[in-house]
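What follows is each chain in one-letter form.
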Amino acid sequence: MQHFADALRAAVAAAAEVGIDTVRLEAPRDEKQGDLAVPCFLLAKARGIPPPAMAAKLAAAMAPGGPQAVAEVTASAAGPYLNFRIARPALAQAVFAEIAAAGARYGGSSEGAGKRIVIDFSSPNIAKPMHVGHIRSTILGAALTRIFSHLGYTTVGINHIGDWGAQFGGLVVAIRRWRGEVDLEREPVRGLLDLYQRSKAAVESDPAFHEEAVAAYRELESGREGPVRETWRWVTAVSMRGFEATYKRLGIEHDLVRGESYYENLLEPTIQRIVAAGITEISEGALIVQLSTVDKGLKETPCLLRQTNGTTLYATRDLAAMFQRFEEFGFERCLYVVGSEQRLHFRQLKAVLKRLELPWEPRVEHVDFGLLLGPGRVKLASRKGAVLVLDDLIDEVVDEARRIIQEKNPDLAQADQVAEAVGIGAIVFNDLKRERVKDVVFDKSEILSFEGETGPYLQYTHARLASILRKAAANGEGTAEPDWSVLENAGPILMRLARLGDVVRGAAVRAEPSEISNYLLALARDLNSWYVENRVLGEAPGVTGARLALIRASKSVLGNGLGLLGIRPLEAM
RNA sequence: GCGCCCGUAGCUCAGCUGGAUAGAGCAUCCGAUUUCUAAUCGGACGGUCGCAGGUUCGAGUCCUGCCGGGCGCGCCA
């Protein structure tokens, strides 16, 4: 397919006598206008003729037998536009050949070979179960990891779990005092959550508890082995086991699990390094870096590295982690998949890197995303009260999927596995279908609906394509020489199939998986409409052959795209 | 007050680096199943692209101002 685009640009450049870079090839809004088009405004200006005249002149030059004719392509002028239509048989064969040759790699490339992308995602806090507030980072980060891998990058997914901080002093004390009151054996995660919440309250209301909590945290920070550290380790291990189970369900893996505690010993060297650079100052007893010289917007918000009481802060730990990551991985990009409420924080970190004059500062990116809102657009706060545990949500959606399968396809084999995949597909797609920056209103009824622009819709489309292929194989159909002329009406699908690589690349550049989601929705819509009108099986052998080739290629592309998002393509549902 | 983000159909959103009559899904209404899975498909209804200027041959897209909503703003993470 690419060779058509290249040939067309070259031909237009030659016919218009301009440099190839001034020729912009784009997809017309309306398919009827053509497969590709060149608006002739700029070309006309360069040559001093009116745009419609330019378009007409180019169309003539590119007519069959003309000096710049491109094989299999018809050029026509429509006002100031030059439209191209690629002959369907040639287009179909080129696209299908590419898809078949690349297989699971289709849509990918090797452009990232030898380059590393660090992706910090999910990063839940220990002692609490993962709740719905964590799904965005988790699902976005996992999708980005797959997208970059598909483009040949070496990805390093890091789970920066929150396993450090003063709150663990309180938790340790709560465990010490009340461990007999909750079931830490059978339901350790829920038990810990209970104790965690009680410790939060106790720290505020009970001065004695507060004092003990502070002492416990100091003990933890000291690095000494002992009961406090042992308890903390146990909490970490229990929590991680819970997270791992959820990740496994979602098909998500991290390459490294490095909590905040990992950087414990790097904090002082990090501070020393920044102090040595001479950019720090003491303000109101705290060690800070002024940022206004590199970012005017940060005039009133310097970066705090050390509190008056001597302890470090969030920013200190993140800076330590950034330095460490750059030294260890020499990343091409380092992505932080973290909510947009932390924009200021990351802007500050980048400003510190700028003040240090580190050339790799632009490679650090905050891949931010909008808020998760509850019904009525109120913020779904994790600290107060009832939050929806992620596993419970998954269970609920999977149950609904199972119910619908029972209703629509009671004879389906392996219905439980399919229900799991459909339920998870619904949740994952719900989080990837909109632009990252958009807030997500957590609407359970929407997640439980499997109609319209949903993961199950895409999986259903895929399953139907699979079903047609299965039946064709069983009938021994599709072996005849395809009659490509019957794909005359499949132009939009063919052009779309050809575009996956561009879409994946764009999604990577902008760290925006929704671009793939929207592409897949459009592809599925095209396909569902198409095969209603174009019967595949039982037609003349050449007709069936050509249509089967389209189905096969489409299934492959749809499957690849779903895989990138983290949704299982299903053979039946 | 300052900084940043968002503002397209009743609701939720697409609209690629500005380009040809602004597109989907949901909701509402009508229709399609003797044939490849109706978790589908077709049709109808529905839009001064927040407002006002500006740049441009051309602006939903770029610039400025305003309005509305949200997030954040030194010793939490």
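Since we're looking at a predicted model, the values are computed, not measured.

1. Thoughts on the nonpolar core
Consideration 1: Core analysis: the largest hydrophobic core is formed by 156 residues, its most contacted members being Leu-82, Phe-84, Phe-96, Leu-487 and Leu-497.
Consideration 2: Here this core gets 12 residues from one element, more than from any other, and that element is helix H20 (residues 541-565).
Consideration 3: Among residues more than four places away in sequence, those in contact with Phe-96 are Trp-484, Leu-487, Leu-494, Leu-497, Ala-546, Ala-549, Leu-550 and Ala-553.
Consideration 4: Of all hydrophobic cores here, the second largest spans 30 residues; its members include Val-118, Val-338, Phe-346 and Val-364.

2. Things to note about the domain arrangement of chain A
Consideration 1: Segmenting chain A into domains produces domain 1 (2-86), domain 2 (167-250) and domain 3 (394-565).
Consideration 2: Averaged C-alpha coordinates put domain 1 and domain 3 at centres separated by 34 Å.

3. Structural notes on the sheet that holds strand E3 (residues 81-86)
Consideration 1: Reading across the sheet, the 3 strands line up as E1-E3-E2 and stay open at both edges, with antiparallel pairing between neighbours. Two strands in the sheet have a free side with no partner beyond their single neighbour: strand E1 (36-39) and strand E2 (73-78). Each strand axis lies, on average, 20 degrees off the axis of its neighbour in the sheet, ignoring direction.
Consideration 2: In terms of strand pairing, E2 meets E3 through 6 bridges, oriented antiparallel. Bridge pairing links Thr-74 to Arg-85 in E3.
Consideration 3: Along the sheet, helix H3 (residues 51-61) makes contact with E2 and E3, crossing E2 at roughly 160 degrees.

4. Looking at the protein's contact with RNA strand B
Consideration 1: Around RNA strand B sit 63 residues in total, of which Tyr-81, Gln-307, Tyr-460, Arg-464 and Arg-525 are the nearest.
Consideration 2: When atoms of RNA strand B within 4 Å of the protein are sorted by moiety, sugar and phosphate together comprise 62%.
Consideration 3: Between a sugar or linking oxygen of RNA strand B and a side-chain N or O atom of Arg-347, the distance comes to 2.6 Å.
Consideration 4: Contact between RNA strand B and Ser-529: a phosphate oxygen at 2.9 Å from a side-chain N or O atom of the residue.
Consideration 5: Those elements that provide at least two residues to the surface near RNA strand B are helix H2 (41-47), E3, strand E8 (286-289), helix H11 (314-329), helix H12 (343-355), helix H13 (390-408), helix H16 (455-475) and helix H19 (514-533).

Rules used throughout
- Residues numbered from 1 in each chain as written.
- Chains lettered and ligands numbered in written order.
- Predicted model: local features only at pLDDT ≥ 70, side-chain atom pairs only at ≥ 80, totals over all residues.
- Heavy atoms only, no water.
- Core = buried A, V, L, I, M, F, W, Y, C linked by side-chain atoms within 4.5 Å.
- Buried < 20%, exposed > 50% of the residue type's maximum accessible area, 1.4 Å probe, protein only.
- Helix = DSSP H or I, 4+ residues; strand = E, 2+ residues; numbered from the N terminus.
- Contact = heavy atoms within 4.5 Å.
- Domains from an automatic or database assignment.
- Pairing = 2+ DSSP bridges.
- Axes fitted to C-alpha atoms, helices over the stretch in contact; angles between N-to-C directions.
- Near = heavy atom within 4 Å.
- Polar contact = N/O pair within 3.5 Å; in protein donor to acceptor, adjacent residues only side chain to side chain.

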